[in-house]
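The lines below spell out each chain.
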Amino acid sequence: MNFGLRNAAQAFQRFIDEVTQGMDYVYGYLDDILVFSKTEKEHLNHLQNLFDRFKKYGILINTSKCIFGVPEVTFLGYHVSSEGTRPLPEKVEAIHKLDPPKTAKQLRRFLGMVNYYRRFIPHAAELQYPLNEALTGKNKGATPINMTDKMLRAFHQCKESLTHATLLSLSDVQAELALFTDASNEAIGAVLQQKRQDNIWQPLGFFSRKLSLPQKKYSPYDRELLAIYEAIKHFKYMLEARNFAIYTDHKPISYAFKTRRDNCSPRQYRYLDYISQFTKDIRHIAGKENVVADALSRIDEITEAINYEALARDQEIDLELQGLLKNGTGLRIEK
């Protein structure tokens, strides 16, 4: 296939998908292929099976560009190991050295770089809220941006968030999946988690975004339904062909699939129709137990100044939070 054709990448990706079909230990993205195994012996067998498949399809590889039999690897801008995935330190360092943007184009470029690692960052929508607000209206291209103190604080917090990015666990096809969602008057948020054998939830990815002006006028039911709909669309590649439950603190949503079609608005019906293609298992969870998703949706609680030391002290003595962490309900981030 000639280089430069508009559909070249899509056609080649379909070809790679065909080549690696049935190999659940292989992940292929165009000409980058990752093979992951539990043991060295199993890895050798996996590589042999992949090479046999390459031979069948007439594919040649450049061994000088390949890395074999290593416990960790750099893949598609991520550091991948047996512990999980996290952003590359050198990429994070490059973003850390950026100066505050002076134009709308530079600000959009910065947000684009940060959002490449968005799934590692809890509260991403909250952190970026002041910066996104500056891009509303006619602020485009070379339009100068007046970086206020609030925006500068958000700019540095976004850079700092990458330094403390959550280590995301590797997906286990045998583990129990759950999607926790929530919505506020300003934003929607969700976290996809899997349950380990010791009944502790591990994060696989975070999702949050600000609501548009029309969406802010939705009823609480519609906003909660929108959160589920958008979260499934975001994590579609991890939820397809998997059994999972959806947890929401808005109890009426748990009866959504028992509601007559005549009682649904066209928008609600479209959302439920899409959700039903993945699961109909929607469960109610108390708001105080829906810790992560609730926090991701609370953009409207941004304050000008936060005393982080006082917040840390309060978290250490808060009985409810400690109980959640002890029972494995909350998300624990090890330092």
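One can find the structure itself at the top, above this paragraph.
Note that this is a predicted model, so its numbers are computed, not measured.

What should I look at first to understand the overall build of the protein chain in this one?
When helices and strands are counted, the protein chain shows 13 helices and ten strands. By the burial criterion, 41% of the 335 residues in the protein chain qualify as buried. When contacts within the protein chain are restricted to residue pairs at least 6 apart in sequence, those whose partners lie at least 24 apart make up 67%. Carbon and sulfur atoms form 51% of the exposed surface of the protein chain, whose accessible area is close to 20500 Å².

How should I be thinking about the packing of aromatic side chains in this particular structure?
Two aromatic rings, taken as a pair, are described by how far apart their centres are and by the angle between their planes. Throughout the structure, instances matching the rule amount to eight aromatic pairs. Between Phe 110 and Phe 155, the aromatic rings sit 4.6 Å apart at their centres with planes inclined by 45°, giving tilted as the arrangement. Placement of Phe 110 in helix α4 (residues 104–115) and of Phe 155 in helix α6 (residues 149–163) is noted, with a sequence separation of 45 residues between them. The residues Phe 110 and Phe 155 share a single accessibility class, namely buried. Three or more aromatic residues joined by ring pairs make a cluster, and in this case those are Tyr 229, Tyr 271, Tyr 274 and Phe 278. For the cation-ring pair, Arg 267 lies above Tyr 218, with the distance from its terminal atom to the ring centre recorded as 3.9 Å.

Can you help me understand the environment of Arg 242 in this one?
Here Arg 242 shows up in the loop between α9 (236–239) and β9 (244–248). Classification of Arg 242 as buried rests on a relative accessible area of 14%. C-alpha of Arg 242 to C-alpha of Leu 177: the two residues are 65 residues apart in sequence and 8.0 Å apart in space.

Where do I start with the side chain of Thr 20 in this structure?
Looking at the secondary structure, you find Thr 20 in the loop between α1 (8–19) and β1 (26–29). Ignoring anything within four residues of it in the chain, the contact list for Thr 20 reads Val 26, Leu 50 and Arg 53.

Hey, could you run me through the pairing of strand β7 (residues 187–195) in this one?
On a regular strand, one side chain projects to one face of the sheet and the next to the other, so that they alternate. With eight of nine residues buried, β7 lies mostly within the body of the structure. Strand direction decides the pairing type here: strand β6 (residues 176–183) and β7, joined by eight bridges, are antiparallel. If you follow Leu 177 over to β7, its bridge partner there is Gln 194. Counting the residues in the hairpin turn of β6 and β7 gives three residues. Across nine bridges, the pairing between β7 and strand β8 (residues 201–210) is antiparallel. Pairing of Ala 190 across the sheet is with Phe 207, part of β8.

What's the story with the nonpolar core in this structure? I'm lost.
Soluble globular proteins tend to pack their nonpolar side chains together in the buried interior. In this structure, Leu 179, Leu 192, Ile 232, Leu 239 and Phe 244 are the most contacted members of the largest nonpolar core, which totals 32 residues. If you list the elements that add at least two residues to this core, you get β6, β7, β8, α8 (220–234), α9, β9 and α10 (266–276). Top element by residues in this core is α8. It accounts for eight residues. Once residues within four sequence positions are removed from consideration, Leu 192 is found in contact with Leu 177, Ala 178, Leu 179, Gln 202, Pro 203, Leu 204, Gly 205, Phe 235, Met 238 and Leu 239. If you look at the next biggest cluster of nonpolar residues, it comprises 15 residues, including Leu 131, Leu 135, Met 151 and Cys 158.

Basis of the calculations
- Residues numbered from 1 in each chain as written.
- Predicted model: local features only at pLDDT ≥ 70, side-chain atom pairs only at ≥ 80, totals over all residues.
- Heavy atoms only, no water.
- Helix = DSSP H or I, 4+ residues; strand = E, 2+ residues; numbered from the N terminus.
- Buried < 20%, exposed > 50% of the residue type's maximum accessible area, 1.4 Å probe, protein only.
- Contact = heavy atoms within 4.5 Å.
- Areas by Shrake-Rupley, 256 points an atom, 1.4 Å probe, with all protein chains shown as cover.
- Phe/Tyr/Trp six-rings, centres within 6.5 Å; stacked < 30°, edge-to-face > 60°.
- Lys NZ or Arg CZ within 6 Å of the ring centre and 35° of its normal.
- Pairing = 2+ DSSP bridges.
- Core = buried A, V, L, I, M, F, W, Y, C linked by side-chain atoms within 4.5 Å.

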